[in-house]
Amino acid sequence: MSISIQFLGAAGGVTGSQFLVTVADRRVLVDCGMFQGSPEEVARNRLPFAFDADALDAVILTHAHLDHCGRLPALVKAGYDGPIHATGATVDLAEIVLRDSAKLQVEFTERWNRRQAKKAAAKEADEREADLENEAEALEVDDETLPERMRNARPEGRTETREPIYDEEDVERTMTLFQGADYGAEIAVTDGVTAVLHDAGHILGSAIIELRVRDGDDERTIIFSGDLGRDGSPIIRDPTPIAHADHVVIESTYGNREHASHDDAIEELVAAISEVRDDRGVLLVPAFAIGRTQELIWVLDDLARDGRIPRVPLYLDSPMASRATDVYLDHPEIYDDETAKLLRSGESPLSYPGQQFTDSVDESKAIRTAERPIMVVASSGMLTGGRIMHHLKDFLPDPSCTLLFIGYQGQGTLGRHLQDGGKTARIDGQEIEVKCRIRSISGFSAHADQEELETWLGHFAGDGKPKTVFIVHGDPDAAEAFAERVRKELGMEAVIPKHRQTVTLG
Ligand SMILES: [Zn+2]
């Protein structure tokens, strides 16, 4: 049987998840994510796909984070019109994520075009000035106004303009291709290929993909871990243990690190809140709109209910996070037992008492004058844009404030720079001094750590042990360290595929 996987994203890095599975003449794409982080990474989103989009048979999506679903509308724009399989919750969340992304793509492109036009105009004016002076000299005309008259007679030069990689119309078409599936249900993907989605415990609707490929009597199982969550995370269930696979493709975001425990994370959060309460300051939490924000609010509500934190008002300053919370509220059927029980007893575990939503940007900016102490949750989570940027300008120079990271900060992002101790931040061309406290809590991570990844992989034992474990979705150090551990502790063959590498599966 001829099966291959081509690693087209999240290979050698964390973002841009995209894996092309080829079985004879059938092609299935697992995830179609956006590259994020440094400008070099982001530039990859403009490159054409490595395959003919209209020759794909199906797409299966692990979850709704942008680095897993963000290029789907570009795929549709390139000609793909087949099904996109995902859980119902993922379909709902992906719609929010993709619409927001389309808006940003259009804005980025307009800004880029304006900047290019300005640059080109300045360059052209300089060149024209020099040309005209030379020409006037060559004509030996002693007329100082000649260059000016010649300039006015010339047509404007042309500048290169860019199209957005997709817009809202492309998202509209993408949404019509989605097919929602329940966890555990068998999906007929294409001739000889079926899939089953299992809860990955990472965000609402997140899935581990079990892909079964058949060629005559020959059958193989490939498991894609997607992003794996942690046991005991609020709201959602724990990652599903799987016992059998011929090949496993596993993430390694934290393949070289251990998180603090959830209990330690709670202690650190309580301490951070007490600190800003005492200083009458602001606790600013950059949060990913999908997943982390809902979990943080769940935890804050839990702490408030138990009287473990002072009543500090909370501003939820992310319309996208509010929309995502609505989707969370729409899917109680996939909550964990604890949250389902709270809901049954009449609690509202997805809202903090007295939380305030800020709809408009003006309301968001007005937070700077709110009576303190306050907590503000705003996105983006890695400080790469969004409302958090004007809060940073206000609160970074203020020693009574705390910037609290609760999620992964990608290499090359402002978030990573500040987390690593950067003393200044460049925002909108302004140099901002960092005088506030910078804290990081690792225990709220939505990703399994090294130990947890190993435990999950350890469930494949005996006959179920995979021939190969492909390590993806990690910075090189993390992937390397985890591969070493998989070989040593689990005795499995671990491979770190390179970007665009194709591997034929035995
Ligand atoms: Zn994710």
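Our subject in this report is the structure included herewith. Being a predicted model, the structure only gives us computed values, none of them experimental.

Parameters at a glance
- Residues numbered from 1 in each chain as written.
- Predicted model: local features only at pLDDT ≥ 70, side-chain atom pairs only at ≥ 80, totals over all residues.
- Heavy atoms only, no water.
- Helix = DSSP H or I, 4+ residues; strand = E, 2+ residues; numbered from the N terminus.
- Rg over C-alpha atoms; globule rule 2.2 N^0.38 Å.
- Buried < 20%, exposed > 50% of the residue type's maximum accessible area, 1.4 Å probe, protein only.
- Areas by Shrake-Rupley, 256 points an atom, 1.4 Å probe, with all protein chains shown as cover.
- Lys, Arg positive; Asp, Glu negative; His and termini not counted.
- Charge placed at Lys NZ, Arg CZ, Asp CG, Glu CD.
- Pairing = 2+ DSSP bridges.
- Axes fitted to C-alpha atoms, helices over the stretch in contact; angles between N-to-C directions.
- Donors = N, O, S within 2.8 Å, 3.2 Å for Na, K, Ca; no water.
- Tetrahedral: all angles 85-135°; square planar, octahedral: opposite > 155°, others 65-115°.
- Core = buried A, V, L, I, M, F, W, Y, C linked by side-chain atoms within 4.5 Å.
- Domains from an automatic or database assignment.
- Contact = heavy atoms within 4.5 Å.
- Expected span 1.5 Å × (residues − 1).
- Parallel < 35°, antiparallel > 145°, perpendicular 65-115°, else oblique.
- Left-handed = near helix turned anticlockwise from the far one by under 90°.
- Nonpolar A, V, L, I, M, F, W, Y, C, P; charged D, E, K, R; others polar.
- Patch = residues over 30% accessible without salt bridge, like charges linked within 9 Å, V, L, I, M, F, W, Y side chains within 5 Å.
- Salt bridge = Lys/Arg side-chain N within 4 Å of Asp/Glu carboxyl O.
- 1 Å grid on protein atoms, 1.4 Å probe; cavity = no way out; pocket = protein on both sides within 12 Å on 5 of 7 lines; lining within 4 Å.
- Points joined across faces, edges and corners; volume = space filled by probe spheres on them.

With that settled, the discussion passes to the overall build of the protein chain. Of the regular secondary structure elements, the protein chain holds 15 helices and 22 strands. Against the compact-globule benchmark of 23 Å for 506 residues, the protein chain has a radius of gyration of 26 Å, which places it among compact chains. Within the protein chain, the proportion of its 506 residues that are buried is 56%. Element-wise, carbon and sulfur atoms account for 46% of the exposed surface of the protein chain, whose accessible area totals about 22100 Å². Charge-centre separation for the protein chain: the mean point of 54 positive side chains lies 3 Å from the mean point of 90 negative side chains.

Our next topic: the sheet that holds strand β5 (residues 84-87). What the seven strands build is an open sheet, ordered β6-β5-β4-β3-β2-β1-β22; its pairing is mixed. Two strands close off the open sheet at either side, each with one partner strand: β6 (178-181) and β22 (502-505). Between one strand and the next, the sheet's axes are offset by a mean angle of 25 degrees, whatever the strand orientation. Pairing analysis gives five bridges linking strand β2 (residues 18-23) to strand β3 (residues 26-30), with the strands arranged antiparallel. When the sheet's bridge partners are listed, Val21 is paired in β3 with Val28.

Turning our attention to the coordination of the zinc ion. Six octahedral donors at a metal ideally form angles of 90 or 180 degrees, and four tetrahedral donors ideally form angles of 109.5 degrees. Coordination of the zinc ion by the protein involves His63 (NE2), His65 (ND1), His202 (NE2) and Asp227 (OD), with metal-donor separations of 2.2 to 2.3 Å. In this structure, the zinc ion is coordinated by four donor atoms arranged in irregular fashion, with angles at the metal of 91 to 170 degrees. All donor residues of the zinc ion come from one chain, and their arrangement in sequence is H-x1-H-x136-H-x24-D. Of this pair, His202 sits in the loop between β8 (193-199) and β9 (207-215) while Asp227 is found in the loop between β10 (218-224) and β11 (247-251), placing the two residues 25 residues apart along the sequence.

Here we come to the nonpolar core. Within the largest apolar cluster, 106 residues are counted, with the highest numbers of intra-cluster contacts made by Leu75, Phe224 and Leu269. Tallying contributions element by element places helix α4 (residues 88-138) first for this core, with eight residues. Here this core spans two domains, since at least three of its residues come from each of domain 1 (3-101 + 177-255 + 446-505) and domain 2 (262-440). For Phe224, the contacting residues outside a window of four places in its chain are Ile5, Phe19, Val21, Val30, Ile208, Ile209, Leu211 and Val249. Core analysis: the second largest hydrophobic core is formed by 24 residues, Val282, Leu383, Ile388 and Leu403 among them.

End to end, helix α9 (residues 319-330) covers 17 Å across twelve residues, agreeing with the expected 16 Å (1.5 Å per residue, within 8%). Within α9, the full set of buried residues consists of Met320, Ala321, Ser322, Ala324, Thr325, Val327 and Tyr328.

Turning to the side chain of Asp475, a few remarks are in order. Within the fold, Asp475 resides in the loop between β20 (468-472) and α15 (476-490). Asp475 sits in the buried class, given a relative accessible area of 14%. Apart from the residues lying within four places of it in its own chain, the contact partners of Asp475 are Val14, Tyr408, Gln411 and Arg416.

This part is about the packing of helix α14 (residues 450-458) against α15. Helix packing for two helices is described by the angle between their axes and how far apart those axes are. At a closest axis distance of 11 Å, the pairing of α14 and α15 adopts a crossing angle of 45 degrees. Between α14 and α15, the angle falls in the class oblique. Pair α14 / α15 crosses with right-handed handedness. Every residue of α15 that contacts α14 at Gln450, Glu451, Leu453, Glu454, Leu457 and Gly458 is listed here: Ala481, Phe482, Arg485, Val486, Glu489 and Leu490. Among the residues forming the contact of α14 with α15, the class breakdown is six nonpolar, two polar and four charged.

Bringing a negative patch on the surface into the picture now. A cluster of acidic residues, Asp182, Asp326, Asp330 and Glu333, forms a negative patch at the surface. Looking at where Asp326 falls in the secondary structure, it is placed in helix α9. We classify Asp326 as partly exposed; its relative accessible area is 45%.

Here the focus is empty space enclosed by the protein. Gaps left between atoms show up when a probe the size of a water molecule is rolled over them. Taken as a whole and judged by the stated rule, the model has one cavity of 30 Å³ or more. Looking at the largest cavity, its volume works out to about 80 Å³. In terms of lining residues, the largest cavity is bounded by 15 residues, among which Phe19, Asp31, Ser225, Gly226 and Val472 are the most central. By residue number, the principal contributor to the lining of the largest cavity is β11, which donates three residues. In the lining of the largest cavity, the residues fall into six nonpolar, six polar and three charged.

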